[in-house]
Amino acid sequence: MEKDNSKRVALRVSAVSIGLNIFLTVFKLAAGIAGHSGAMVSDAIHSASDVFSTVIVIIGFVVSRRKSDFEHQYGHERMECVSAMLLAVILAATGAGIGYNGMLKIFSQDYGTLQQPEFIALLAAIISILTKEAMYWYTVFAARKINSGSLKADAWHHRSDALSSVGSLIGIAGAMCGVKVLDPAASVVISVFIIKAAYDITKDAIDKMIDKSCDKETVAKMSTIVTEQEGVKRLDLIRTRLFGNKIYVDIEISADENLSLRESHEISKNVHDAIETEFPLVKHCMVHVNPFFDDKNEP
């Protein structure tokens, strides 16, 4: 049920994203051509790339939610990390391209050949900024709700497009006021922010692919829940690892050595259920029971 709901949320957000990006691509391309703005035409191409990136998000999300099979007995969650990394590559390439073109224009110092943009291009930049920033918050809220790394990456792609439109807005306004160098200069600054977003997304995806442990606060909360369970004498060991957007937990506890196997099993089951209930992102919790020895009678 939870997987079906997450899938519906992701597909709904992606459908809205594709529809708006197609609209923005056509609108900004027309405004760039009619308004004599090369910056707006480039911005339209950036919006077109968002359609492709959202398709990657959908594929990665759907594949990652597939059930375990014989060849992938631990599931497919890490496919979402692969999807996020592909998006990060697109983001980095977009940022690098914007920065490179901006630097070329700055060092060429050939500003006199540029046409004076018209108001329609400025209006398109404003509409793009408002639309893409709204899409960022809409998408990032959904990503947090279903804990989707690829959807979060797509949200940052929306923001990169908004930042790109900010650069277009500054450049177009500057060119209309006669300061044409503002266009390429703003592009270079914005490219840095886009590449930084790509780096953050890549780091998060890699952490989830190499079994990074949960943060200290989460582990501390888990430890407290374990020790609060009836029959647990001591928490001997707790290990966590991120697996895509899920968590695996290995726990060792000590219980009275005189308990029966059935009683020990019941204690371990209570610990297992408590962890998976309190932490919905835990996909699997393994609990091992050791015989309890205090400092006086420990062998």
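It should be noted that the structure appears before, not after, this text.
Parameters at a glance
Residues numbered from 1 in each chain as written. Predicted model: local features only at pLDDT ≥ 70, side-chain atom pairs only at ≥ 80, totals over all residues. Heavy atoms only, no water. Buried < 20%, exposed > 50% of the residue type's maximum accessible area, 1.4 Å probe, protein only. Helix = DSSP H or I, 4+ residues; strand = E, 2+ residues; numbered from the N terminus. Pairing = 2+ DSSP bridges. Right-handed = clockwise from strand over helix to strand, strands pointing away. Axes fitted to C-alpha atoms, helices over the stretch in contact; angles between N-to-C directions. Left-handed = near helix turned anticlockwise from the far one by under 90°. Contact = heavy atoms within 4.5 Å. Phe/Tyr/Trp six-rings, centres within 6.5 Å; stacked < 30°, edge-to-face > 60°. Lys NZ or Arg CZ within 6 Å of the ring centre and 35° of its normal.

Undergrad: Account for the pairing of strand S2 (residues 246-255), with residues named and values stated.
TA: The side chains of a regular strand alternate between both faces of the sheet. Most of S2 sits inside the fold, with eight of its 10 residues counted as buried. As paired elements, S2 and strand S3 (residues 282-291) share nine bridges and run parallel to each other. What sits directly across from Ile253, in S3, is Val289. With respect to chirality, the unit in which S2 leads through helix H8 (residues 261-278) into the neighbouring parallel S3 is right-handed.

Undergrad: Give a description of the packing of helix H7 (residues 216-228) against H8 that names residues and reports values.
TA: In contact at an axis separation of 9 Å, H7 and H8 are set at 145° when each is read in the N-to-C sense. Of the two possible hands of crossing, H7 and H8 adopt the one that is right-handed. The residues of H8 that touch H7, namely those facing Met222, Ile225 and Val226, are Val271, Ala274, Ile275 and Glu278.

Undergrad: How would you summarise the packing of aromatic side chains if you had to cite specific residues and measurements?
TA: For the coordinates displayed, the defined rule picks out three aromatic pairs. Aromatic pair Phe23 and Phe27: ring centres 5.9 Å apart, planes at 0°, arrangement stacked. Of the two residues, Phe23 and Phe27 both sit in helix H1 (residues 2-34), four residues apart, roughly one turn of that helix. Phe27 sits in the partly exposed class, given a relative accessible area of 22%. When the ring of Tyr136 is compared with that of Trp137, the centres are 5.1 Å apart and the planes differ by 75°; the resulting orientation is edge-to-face. Taking relative accessible area as the criterion, Tyr136 reaches 4% and is therefore assigned buried. The exposure class of Trp137 is partly exposed, given its relative accessible area of 46%. Taken together, the ring pairs in this structure connect Tyr136, Trp137 and Trp156 into an aromatic cluster. The ring centre of Tyr136 lies 3.8 Å from the NZ or CZ of Arg159, which sits over that ring.

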